[in-house]
Amino acid sequence: MKYIIAPSILAADFGNLQRDIEMINQSEADWFHVDVMDGVFVPNISFGFPVMAAVKKHATKSLDVHLMIVDPDKFIPEFAKAGADRITVHYEACTHLHRTIQLIKASGCKAGVALNPHTPVTLLQDVIEDLDLVLIMSVNPGFGGQAFIHNTYKKIQDLKRLIQGVNEDLIIQVDGGVSLLNITKLVSAGANAFVAGSAIFATDNPSQTIIEMKNLVTTSISI
């Protein structure tokens, strides 16, 4: 199984964004994770298409776009045109989730759905076959640096059971409080993609931290 490390550029130094993008390009990371917040669905605002275009211009790796916004259908085609390889929307933000998933795919991207900490994975049962990725939020979305919510391990295990015999190639991604201290346990629970922000960019040597994360996940045994 391939394990994916996706540094979140929200935690990068925006005064030196190209430098940090080049660091990720040259590192053992697999994806760029791009958090888009609107100040409505979550209590924070991040960035939109201009920053996305700047990242795309320099990035040599896949762009994993996480939309923490209301009414994402309005913007999915534009994010696809801006360079997203996969687009993840929130279950809680989509009135017609199946239609939104189909729009993502029609726009040429892989489709993901994110679940807030209070949302059970069973609510995805009727669309799980259509998904490429499920993102389990292990903090409340909107701000970096929050404490990891320990119920996440159970949710990953529940999702792993849900996809058995149905969509076993689904990527199970975790976002929020992921660090060198818990990434091995997340692998054991069944996750195979990991978003990390401050746990990478706040270290003295982000590239080395990515190597350490990669080594931990590739030497772990997934159940």
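Positions within a chain are numbered from 1, following the residues in the order the chain's sequence is written. Only residues with pLDDT of at least 70 are given local features in this predicted model, and only at 80 or more are side-chain atom pairs given and counted; all residues enter the totals for whole chains, interfaces and linings. Derived side-chain values reflect all non-hydrogen atoms in the structure, with water molecules and hydrogen atoms excluded from consideration.

Observations regarding the overall build of the protein chain
- Numbering of helices and strands runs from the N terminus, with a helix taken as a DSSP run of H or I at least four residues long and a strand as a DSSP run of E at least two residues long. Per the secondary structure count, the protein chain includes 8 helices and 8 strands.
- The atom set for the radius of gyration is the C-alpha atoms, and the globule formula is 2.2 Å times the number of residues raised to the power 0.38. Whereas a compact globule of 223 residues would reach a radius of gyration of roughly 17 Å, the protein chain reaches 16 Å, a difference of no more than 12%.
- Categorising residues by exposure relies on relative accessible area from a 1.4 Å probe, with only protein chains included: less than 20% of the type maximum marks a residue as buried, more than 50% marks it as exposed, and the intermediate range marks it as partly exposed. Buried positions account for 54% of the 223 residues belonging to the protein chain.
- In what follows, residue pairs with any heavy atoms lying within 4.5 Å of each other are defined as contacts. In the protein chain, once contacts between residues fewer than 6 apart in sequence are set aside, the share between residues at least 24 apart is 65%.
- Of the accessible surface of the protein chain, which amounts to about 9800 Å², a share of 52% is contributed by carbon and sulfur atoms.
- The convention is simple: Lys and Arg are positive, Asp and Glu are negative, and His and the chain ends are not counted. Working definition for charges: the position is that of NZ of Lys, CZ of Arg, CG of Asp or CD of Glu. Separation between the mean location of the 17 positive side-chain charges and that of the 23 negative ones in the protein chain comes to 2 Å. For the area figures, the Shrake-Rupley method with a 1.4 Å probe applies, and any residue is considered shielded solely by the protein chains shown.

Re the nonpolar core
- Grouping buried Ala, Val, Leu, Ile, Met, Phe, Trp, Tyr and Cys residues that are joined through side-chain atoms within 4.5 Å yields what is termed a nonpolar core. Counting 64 residues, the largest nonpolar core has Leu159 and Phe194 as the members making the most contacts within it.
- With 5 residues, the top contributor of residues to this core is helix α5 (residues 152–163).
- Of all hydrophobic cores here, the second largest spans 11 residues; its members include Ala6, Leu133, Met137 and Val195.

Focus: the UniProt feature "binding site: substrate" (unreviewed entry) in the protein chain
- UniProt positions are given in the numbering used here, feature names are shortened, and annotations may be inferred rather than shown by experiment. Those residues carrying the UniProt feature "binding site: substrate" (unreviewed entry) are Ser8, His66, Gly142, Phe143, Gly144, Gly145, Asp175, Gly176, Gly177, Gly197 and Ser198 in this numbering.
- Summarising the element assignment, Gly142 is placed in the loop between β6 (133–137) and α5.
- Beyond its immediate chain neighbours, meaning those up to four positions away, Gly142 contacts Met37, Val42, Asn44 and Met68.
- Looking at the element boundaries, Asp175 is found in strand β7 (residues 171–175).
- When near neighbours in sequence (up to four residues on either side) are disregarded, Asp175 contacts His33, Asp35, His66, Leu135, Ile136, Met137, Ser138, Val139 and Val195.
- A distance of 3.4 Å separates a polar atom in the side chain of Asp175 from a polar atom in the side chain of His33. Polar contact criterion, stated in full: a pair of N or O atoms within 3.5 Å, where within protein one must be able to donate a hydrogen and the other to accept it, and residues adjacent in sequence count only if both atoms are side-chain atoms.

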